[in-house]
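Analysis of the macromolecular model
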Amino acid sequence: MIRLENIYKTFYKKKSEVQALKKVNLHIEKGDIFGIIGYSGSGKSTLVRCINLLERPTSGQVFVEGNNITALSDQNLIPYRRSMGMIFQQFNLLSSATVYENIAFPLQLSGHNKDDIKTKVNALLTLVDLVNKKDDYPASLSGGQKQRVAIARALATDPKILLCDEATSALDPQTTRSILSLLKKINQELGITIILITHEMEVVRAICNRVAVISHGEIIEEESTQVLFKSPKSEITQELLNPSLFLEIQA
């Protein structure tokens, strides 16, 4: 479904350059919950932004469903970006809008009529278990509830792919479990492919079926989650695994 071929990303400063990604090759299948894990500064967030081309790679190609989206203009990229929902560590909600209005916002931007928006938003409120919070404002919500709003908003345009950039890093362990359970439900019931960027091995173990380890902009290991946890090859992976606090969630 998603294929990255020889992705390089270089950031240029006044008299220097930073090689954020180096020769990244990944293949993510439809229906995967694919984890990308590494320490802070390893290139994880840059990589996920290259997948939807919020950051254009310096070189290399990104394919989505067989189409080379790196060859497209910004205008022609719009439908592909709409097919990729994105959620963040800091939620990025509109503080002056209610829960309902936050979820409705991308649908309004896409020109949907009020009846269609109401039907869609109410369905999403049920999915993320926030029906009784629809008229509340973000300031009154817990961190987990804010992330549920962000997830519902990301799903509003019926994406095929959900990009999660450190989506649970600001949450306590119990809330993290509930959010991971919700993501697993979304994957299983809606068939959405999920790419999970994290520095937490326990998050990867909880729901990912495959995982890639990134260090200094390079993919140093890629395996099924089961194999990687059983037989980590690289020193970085072994460090990330020790110590690890595993989360158990219901299938």
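Placed above this text is the structure.
Here goes a summary of the coordinates provided.

Describing a nonpolar patch on the surface
A contiguous nonpolar patch, built from Leu94, Phe105 and Leu109 and spanning about 280 Å² of accessible area, is present on the exposed surface. Along the chain, Leu109 turns up in helix H3 (residues 99-109).

Here we look at unusual backbone geometry
One non-glycine residue with positive phi stands out, namely Asn92, at about 55°. Structurally, Asn92 can be placed in the loop between strand E6 (84-88) and H3. Take Asn92: its relative accessible area is 43%, and that puts it in the partly exposed class. Of note, His216 is a non-glycine position whose phi angle comes to about 50°, a positive value.

Topic: the pairing of strand E10 (residues 218-224)
Looking at chain direction, strand E9 (residues 210-215) and E10 are connected through six bridges and run antiparallel. The partner of Val211 across the bridge, within E10, is Glu223.

Re helix H6 (residues 173-190)
Because an α-helix packs 3.6 residues into every turn, residues spaced three or four apart end up facing the same way. Taking 1.5 Å as the rise per residue, H6 with 18 residues should run 26 Å; its terminal C-alpha atoms sit 25 Å apart, in good agreement. Those residues of H6 that fall on the buried side of the exposure criterion are Thr175, Thr176, Ile179, Leu180, Leu182, Leu183, Lys184, Ile186 and Asn187. Where H6 terminates, the next one or two residues include Gly191, which has phi positive at roughly 70°.

Thoughts on the packing of H3 against helix H4 (residues 114-127)
Helix packing geometry: the angle between the two helix axes and the distance between the axes. It is the contact of H3 with H4, at a shortest axis distance of 10 Å, that shows an interaxial angle of 130°. When the axis of H3 is compared with that of H4, the two are oblique. By crossing handedness, the relation of H3 to H4 is classed as right-handed. Across the interface between the two elements, Val99, Tyr100, Ile103, Ala104, Leu107 and Gln108 from H3 touch Ile117, Lys118, Lys120, Val121, Asn122, Leu124 and Leu125 from H4. Of the residues contributing to the contact of H3 with H4, the split by class is nine nonpolar, two polar and two charged.

Digging into the pattern of salt bridges
Evaluation of the coordinates by the stated rule reveals 10 salt bridges. For Arg210, the salt bridge goes to Glu222, with nearest N and O atoms at 3.7 Å. Here Arg210 is found in strand E9, whereas its partner Glu222 is found in strand E10, with 12 residues between them in sequence. A relative accessible area of 26% means that Arg210 is categorised as partly exposed. Each of Lys9, Arg49 and Glu55 takes part in salt bridges that share partners, so that together they form one network.

With respect to the layout of surface pockets
Quantified by volume, the largest pocket comes out at close to 560 Å³. The wall of the largest pocket is formed by 17 residues, among which Arg81, Met84, Met86, Pro106 and Thr157 lie closest to the centre. Sorting the residues of the lining of the largest pocket by element identifies helix H2 (74-82), E6, H3 and helix H5 (143-155) as the ones contributing at least two each. With four residues, E6 is the largest single contributor of residues to the lining of the largest pocket. Counted by class, the lining of the largest pocket contains 10 nonpolar, four polar and three charged residues.

Describing the packing of aromatic side chains
Per the stated rule, a full pass over the model turns up zero aromatic pairs. For Arg3, the ring lying beneath its charged end belongs to Phe63, and the centroid distance is 4.2 Å.

Quick word on the environment of Ile2
With respect to the secondary-structure elements, Ile2 resides in strand E1 (residues 2-12). The spacing of Ile2 and Lys30 is 28 residues in sequence and 7.9 Å in space, taken between C-alpha atoms. Ignoring anything within four residues of it in the chain, the contact list for Ile2 reads Leu26, His27, Ile28, Ile51, Phe63, Ile161 and Ile195.

What counts and how
- Residues numbered from 1 in each chain as written.
- Predicted model: local features only at pLDDT ≥ 70, side-chain atom pairs only at ≥ 80, totals over all residues.
- Heavy atoms only, no water.
- Patch = residues over 30% accessible without salt bridge, like charges linked within 9 Å, V, L, I, M, F, W, Y side chains within 5 Å.
- Areas by Shrake-Rupley, 256 points an atom, 1.4 Å probe, with all protein chains shown as cover.
- Salt bridge = Lys/Arg side-chain N within 4 Å of Asp/Glu carboxyl O.
- Helix = DSSP H or I, 4+ residues; strand = E, 2+ residues; numbered from the N terminus.
- Buried < 20%, exposed > 50% of the residue type's maximum accessible area, 1.4 Å probe, protein only.
- Pairing = 2+ DSSP bridges.
- Expected span 1.5 Å × (residues − 1).
- Axes fitted to C-alpha atoms, helices over the stretch in contact; angles between N-to-C directions.
- Parallel < 35°, antiparallel > 145°, perpendicular 65-115°, else oblique.
- Left-handed = near helix turned anticlockwise from the far one by under 90°.
- Contact = heavy atoms within 4.5 Å.
- Nonpolar A, V, L, I, M, F, W, Y, C, P; charged D, E, K, R; others polar.
- 1 Å grid on protein atoms, 1.4 Å probe; cavity = no way out; pocket = protein on both sides within 12 Å on 5 of 7 lines; lining within 4 Å.
- Points joined across faces, edges and corners; volume = space filled by probe spheres on them.
- Phe/Tyr/Trp six-rings, centres within 6.5 Å; stacked < 30°, edge-to-face > 60°.
- Lys NZ or Arg CZ within 6 Å of the ring centre and 35° of its normal.

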